[in-house]
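Observations on the model geometry
Single-letter residue listing:
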Amino acid sequence: MRFSIALSALGVFSAVSSAFAAPVDQAASGKRLISLSETETKWLTEEEIFALYRERKHFIDITDADDTASFARLDDSAITAVPIGPNKQSIVTPLISAISEDSMQQWLTTLTQFHTRYYKSTTGKQASDYIFNQASDKATAANQANKGLNVTVTKFTHSWTQYSIIARVAAANTAQAADPVVVLSSHMDSINSNNPTSGRAPGADDDGSGSVTIFETYRILLENNIVPNVPIEFHWYAAEEAGLLGSQAVVKSFTAAGRKVAGTLQLDMTGYTPKGKQAIVGIATDYVNAPLSKYLQSLAKAYCAIPWGNVKCGYGCSDHASWTKAGFPATFAFESSFSDSSPYIHTDKDTLATVSYAHMKEFTKLAIGFAVELSLNTTP
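Described in the following lines is the structure provided in the data block. Note that this is a predicted model, so its numbers are computed, not measured.

Parameters and conventions
- Residues numbered from 1 in each chain as written.
- Predicted model: local features only at pLDDT ≥ 70, side-chain atom pairs only at ≥ 80, totals over all residues.
- Heavy atoms only, no water.
- Helix = DSSP H or I, 4+ residues; strand = E, 2+ residues; numbered from the N terminus.
- Buried < 20%, exposed > 50% of the residue type's maximum accessible area, 1.4 Å probe, protein only.
- Contact = heavy atoms within 4.5 Å.
- Areas by Shrake-Rupley, 256 points an atom, 1.4 Å probe, with all protein chains shown as cover.
- Core = buried A, V, L, I, M, F, W, Y, C linked by side-chain atoms within 4.5 Å.
- Expected span 1.5 Å × (residues − 1).
- Pairing = 2+ DSSP bridges.
- Axes fitted to C-alpha atoms, helices over the stretch in contact; angles between N-to-C directions.
- Phe/Tyr/Trp six-rings, centres within 6.5 Å; stacked < 30°, edge-to-face > 60°.
- Lys NZ or Arg CZ within 6 Å of the ring centre and 35° of its normal.

Moving on to the overall build of the protein chain. A tally of regular secondary structure across the protein chain gives 10 helices and 13 strands. Here the protein chain holds 380 residues, and 58% of them are scored as buried. Look at the contacts in the protein chain between residues 6 or more apart in sequence, and 81% of them connect residues 24 or more apart. For the protein chain, the exposed surface amounts to about 14300 Å²; the carbon and sulfur share of it is 51%.

In terms of nonpolar packing, the biggest core is built from 67 residues, with Leu 184, Tyr 218, Phe 234, Trp 236 and Phe 370 touching the most fellow members. Among the elements that take part in this core, helix 10 (residues 357-376) stands out by supplying 11 residues, more than any other. Beyond its immediate sequence surroundings of up to four residues, Phe 370 is in contact with Val 182, Val 183, Leu 184, Gly 263, Thr 264, Leu 265, Leu 292, Leu 296, Leu 299, Thr 331 and Ser 375. Within the second largest apolar cluster, 16 residues are counted, among which are Ile 34, Leu 44, Tyr 118 and Ile 191.

In an α-helix, one full turn covers 3.6 residues, which means residues spaced three or four apart are oriented alike. An ideal rise of 1.5 Å per residue puts 34 Å on 24 residues; helix 5 (residues 122-145) measures up with 35 Å between its terminal C-alpha atoms. Residues Thr 123, Gly 124, Ala 127, Ser 128, Tyr 130, Ile 131, Phe 132, Ala 135, Ser 136, Ala 139 and Ala 142 constitute the buried set of helix 5. In this structure, the buried side of helix 5 is in contact with helix 4 (101-112), strand 6 (149-156), strand 7 (164-171), helix 6 (204-223) and strand 9 (232-237).

The next subject is the sheet that holds strand 7. Strand order in the open sheet formed by eight strands is 6-7-9-8-10-13-11-12, with mixed pairing between adjacent strands. In the strand order of this sheet, the two ends are held by strand 6 and strand 12 (308-311), each with one partner. On average, adjacent strands in this sheet sit at an angle of 20 degrees to one another, irrespective of strand direction. Both strand 11 (residues 281-284) and strand 13 (residues 330-334) contribute to a ladder of two bridges, which runs antiparallel.

As a further point, take the sheet that holds strand 3 (residues 41-44). The three strands are arranged 3-2-4 in an open sheet whose pairing can be described as antiparallel. Each edge of the open sheet is held by one strand with a lone partner, namely strand 3 and strand 4 (60-61). One ladder, built from four bridges, connects strand 2 (residues 32-35) with strand 3; its direction is antiparallel. Residue pairing across strands places Ser 35 opposite Thr 41, the latter belonging to strand 3. Relative to the sheet, helix 2 (residues 46-54) contacts strand 2 and strand 3, its axis offset from that of strand 3 by approximately 120 degrees.

What the rule picks out here adds up to 19 aromatic pairs. Taking the centre distance of 5.6 Å and the plane angle of 45 degrees together, the rings of Trp 107 and Tyr 130 count as tilted. One end of the pair, Trp 107, is in helix 4; the other, Tyr 130, is in helix 5, with 23 residues separating them in the sequence. No difference in accessibility class separates Trp 107 from Tyr 130, as the two residues are buried. Judged by centre distance (5.9 Å) and plane angle (75 degrees), the ring pair of Tyr 287 and Tyr 315 falls under edge-to-face. One end of the pair, Tyr 287, is in the loop between strand 11 and helix 8 (290-303); the other, Tyr 315, is in the loop between strand 12 and helix 9 (320-325), with 28 residues separating them in the sequence. What makes Tyr 315 buried here is its relative accessible area of 10%. The structure contains a cluster of three or more aromatic residues connected by ring pairs, namely Trp 107, Phe 114, Tyr 130, Phe 215, Tyr 218, Phe 234 and Trp 236. Lying over the aromatic face of Phe 132, Lys 155 brings its terminal NZ or CZ to 4.9 Å of the ring centre.

Purely geometric stuff here, so don't read any function into it on its own.
Right, here's the structure in full:
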């Protein structure tokens, strides 16, 4: 039996569409059109947006959404199906044993040494360069091994300094544009809410932890020559903290090109565990595709050593919202309930000392399971 993905009606996002015909003088004055909920939008100055950071309010910057088409429901040709549960344990289980906490620590240590990964900063771009170079080195090694993989790493540039990164893992005989794809994602930028442009923002948990989780997954798949039926893409987004700007741009490019997606998994904050409470793999229940999230629950039960739990994320809390808003099937995994999540994010105290590599390992198990199971059970 298979669950057919029934893409949710996206009417909840339609309330913002009337604001797209933005007064020219608002944009010309440097204001941005900010969506604060499904029904509320405001033109805000940069300083007013910074205030949202300090208040830890979620928002989506929709200034560059040029018309309502990007919010339209996809037609049935874009709908794929989700397997009922895991059936590739013989492949996934040995891969899980290859997870290296030492490797994750080394990678994340370097990433957090950038003063800030703020999307408009020089060091934010340097962080992009670091991830791009690391991903490219792994791609080169995999391609040179000549064991059936075709791996590419691409810079997805934006109007701001930092760029997003897309690493694509496909079978060597797969056309480069072949769809559908499986997407695993995180965001690479960080921010200090008290001094957004230049304050120290190591971002170990937010979202260095998610970034290293998908990089470790990428490393393991390549080094073990996992050849997918459909391509797997790993996305590191710029400017998530600025209102999901990077992921919105990437998703917009998918929509414009008529791309198909089997499923996307966003990993944003996978490193913190609350003291004195049971560690969990949090799986979001809002602003996600329900069948895909149910599938993720089955993968967590099969491959993780800690229980999974339902969590609510809220409006625009991470990049999966960009996919959901555009009609693509998306799910989201998080370190805990939101009330128990790291109190150190968006400050200079979001350091390596606050994260657990053992906890990140559980999310890496989940990511490996998602990538392998969904890519091998999806028909090109």
